[in-house]
Amino acid sequence: MANLEIAELLRAIAASYQLKDEEKNRFRIIAYQRAADAIEHASSELKDLWDDGKLKDVPGIGESIASHLDEVFRTGASKHFEEVMKGLPPQMFDLMEVPGIGAKTAFRLITELGIKSLSDLENAAKRGKIAVIEGFGEQSQADILKSLEELKGRTKRHLLPYAAVNAGRLIEWMNESKYVKRADSLGSLRRRAATVGDIDIAVSSDHPKEVLGHFVNYPKKARVLEKGDRTASMVLPGDVQVDCMVQAPNAYGALLQHFTGSKHHNIALREYAIKHGMSLSEYGIKVNGRLEKCATEEEFYRKLGMDFIPPELREDTGEIEAALTHKLPKLVELRDIKADLQIHSSFDIETSHDLGESTMEEVIKKADKLGYEYIAFTEHNPSKSKHNEKEVLNLLKRKSEAVEKLNYSFVKRECKSIKKVFNSLEIDILPEGGLAVPDEGLKLLDFALVSIHSSFRIDRNKMTNRVLSALAYPKVKIFAHPTARKLGEREGIELNWSEIFDFCKKNEKWLEINAEPTRLDLPDTLVREAVKSGVKLSMGTDAHHQDSLGNMIFGVAVARRGWAEKKDIINCLSLSEFEKMIE
Ligand code: DGT
Ligand code: CA
Ligand code: CA
Ligand code: ZN
């Protein structure tokens, strides 16, 4: 069972509990959903962890879920899971694949309309049968049709960190062979694209036969697809395909260049070469009919009269012109990052209890290890429906006191590099605009992030005004995960970006690059436009566990793909520079 299937199973259990008795099972439902999220985004296969007896090391998998999963791995099923799902229509779980359809909606559609499949659902929506059910209406029906279209457009791609971890392990394995001089990733993974179709690996060696023999002997493989003289392909658990290519060391740079892509970059490069009497291949560059091999990529680009183009920029969006005229940006690097500006600790703002996992202290320690100068705690605002204004203020006060205390004691006593912890908050932008926290509450914060977590489908103009109304508050500095997209799940909201950019530039507001692997939001193409417009970006991991602070590297990948330099990123400011920005 691959991670995605297990996650699906746990979601099905959560949905079953939701239908049976939502109130009674509230915490169970959350636990199952959380475990499903954790497993879906884990970079290791759960089955491997189980083999090593490390199931409980996965944050989000508690004692009881672990014991049921243990039964699943041992026997192929769990009695408890079967019991929970008994009596529920199995099509329910297919319908829940549709974004926006939860357990209850799916159940009603099946029982009230007799829907048996996604195509049934599409037919029913097209014939107007859904709009007339009580509580649905024209809008829900239109939303369902739109979601169905979205679902069809999905292709199976892997999140960048998942591909990166799998490739990293495989490269380690390749390096164990004495015939391997070096091994690198290629393709979309080397370009650090947000999602990766298949993994491509390059090996430098004079012994392709032995190298490929070692490759197909990889102990963690699911099956071998093919093995030729210079290339081989196999599939890893979780349906990840890997292609491996071997090249002699004296032409290795040309191979790297050729199979890093992107296709568009290579086409544009080839056209340029032809115009100048050269031709390109995975061996090198032919000039006047004579092949000049390239051992390194630097050499390859130099022969074309270009500066070295970092893989992240190879998308044919102006990098070739820039490389010819020595105008490539000096891209931001992980070591330039001095802060993480979106972190959720286990300090539960609703109760001000510490829930035990990744306490504020643990998070600070981890950030200190990473060498940061400052971080911000950005818990979600207290629920507006559960508390009156006075209660909200009291909760915010408690958090602000907790952070203040940490700054005076813990940070001074325990930290080498962290100098300050900021008291921030991730505040919901209400559907009609404005913030989910009263003005008095804002006064307690050092600065605030705002973001959208509901009502995603509002027309472009209204949505733009909704966002601008929130950004207008002086305390608000950051628009977090601005498109609200979820990779493979949900497309982003529609905004008038040039209006947003203008506003941010004029009013010193920053757009976040959220480094959470399913978000990577702003997406790279919009980062590029923001940078061009002179808008500053802030980086946050959106970590809900101290280990996720390590995801910053993926945010940096997005920034680099968007041509961002140090000067474009707020987190590259020193503490004192940053403090001036939020005065
Ligand atoms: P992906 O795997 O869909 O995320 O995207 P890429 O960019 O990794 O594409 P892939 O795996 O098809 O090919 C790797 C790179 O190799 C691609 O960016 C362009 C380059 N390339 C050069 N010549 C060829 C060729 O003849 N066939 C393919 N498929 N790729 C080539
Ligand atoms: Ca690929
Ligand atoms: Ca490939
Ligand atoms: Zn958020």
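Rules and cut-offs
- Residues numbered from 1 in each chain as written.
- Chains lettered and ligands numbered in written order.
- Predicted model: local features only at pLDDT ≥ 70, side-chain atom pairs only at ≥ 80, totals over all residues.
- Heavy atoms only, no water.
- Helix = DSSP H or I, 4+ residues; strand = E, 2+ residues; numbered from the N terminus.
- Contact = heavy atoms within 4.5 Å.
- Pairing = 2+ DSSP bridges.
- Axes fitted to C-alpha atoms, helices over the stretch in contact; angles between N-to-C directions.
- Donors = N, O, S within 2.8 Å, 3.2 Å for Na, K, Ca; no water.
- Buried < 20%, exposed > 50% of the residue type's maximum accessible area, 1.4 Å probe, protein only.
- Phe/Tyr/Trp six-rings, centres within 6.5 Å; stacked < 30°, edge-to-face > 60°.
- Lys NZ or Arg CZ within 6 Å of the ring centre and 35° of its normal.
- Near = heavy atom within 4 Å.
- Polar contact = N/O pair within 3.5 Å; in protein donor to acceptor, adjacent residues only side chain to side chain.
- Areas by Shrake-Rupley, 256 points an atom, 1.4 Å probe, with all protein chains shown as cover.
- Nonpolar A, V, L, I, M, F, W, Y, C, P; charged D, E, K, R; others polar.

### Some words on the environment of valine 421
By the element assignment, valine 421 lies in strand β15 (residues 420-423). Taking C-alpha positions, valine 421 is 8.9 Å from glutamate 373, a pair spaced 48 residues apart along the chain. When sequence neighbours within four positions are dropped, the list of residues in contact with valine 421 reads Ile364, Ile375, Phe377, Val403, Asn407 and Val411.

### What about the sheet that holds strand β9 (residues 284-287)?
Taken in spatial order, the 3 strands line up as β8-β9-β10 in an open sheet, and their pairing is antiparallel. Unpaired on one side and paired on the other, β8 (278-280) and β10 (290-293) mark the two borders of the sheet. Strand-to-strand twist of the sheet, defined as the mean angle between neighbouring strand axes without regard to direction, takes the value 25 degrees.

### Some details on the coordination of the calcium ion (ligand 3)
Surrounding the calcium ion (ligand 3) are the protein donor atoms Asp198 (OD), Asp198 (OD), Asp200 (OD) and Asp243 (OD), which sit 2.3 to 2.9 Å from the metal. When the donors of the calcium ion (ligand 3) are listed by position in the chain, the intervening gaps give D-x1-D-x42-D. Between the calcium ion (ligand 3) and the calcium ion (ligand 2), the interatomic distance is 3.8 Å, and aspartate 198 donates to each metal, bridging them. Within this pair, whereas aspartate 198 is found in the loop between β3 (195-196) and β4 (199-204), its partner aspartate 243 is found in strand β7 (residues 240-247), the two being separated by 45 residues in sequence. For aspartate 198, a relative accessible area of 24% corresponds to the partly exposed category. For aspartate 243, a relative accessible area of 16% gives the class buried.

### Brief notes about the packing of aromatic side chains
Scanning all chains against the criterion turns up 13 aromatic pairs. Judged by centre distance (5.9 Å) and plane angle (70 degrees), the ring pair of phenylalanine 300 and tyrosine 301 falls under edge-to-face. Each member of the pair, phenylalanine 300 together with tyrosine 301, is buried. Between phenylalanine 422 and phenylalanine 578, the aromatic rings sit 5.2 Å apart at their centres with planes inclined by 65 degrees, giving edge-to-face as the arrangement. With phenylalanine 422 in strand β15 and phenylalanine 578 in helix α25 (residues 575-581), this pair connects stretches of sequence that are 156 residues apart. By the burial criterion, phenylalanine 422 is buried, and phenylalanine 578 matches it. Just above the ring of phenylalanine 456 sits the side chain of arginine 490; from NZ or CZ to the centre is 4.0 Å.

### Some details on the site of ligand 1
Near ligand 1 you find 14 residues, and of these Arg157, Ser188, Arg191, Gly197 and Asp198 are the closest. Interatomic distance of 2.8 Å between a backbone N/O atom of glycine 197 and an oxygen atom of ligand 1. The separation between a nitrogen atom of ligand 1 and a polar side-chain atom of histidine 258 is 3.3 Å. For ligand 1, whose accessible area on its own is 580 Å², the fraction buried by protein is 59%. Elements with a contribution of two residues or more to the shell around ligand 1: α11 (187-190) and α13 (252-260). Ranked by residue count, the leading element in the shell around ligand 1 is α13, at 3 residues. Its residues assigned to classes, the shell around ligand 1 comprises 2 nonpolar, 7 polar and 5 charged.

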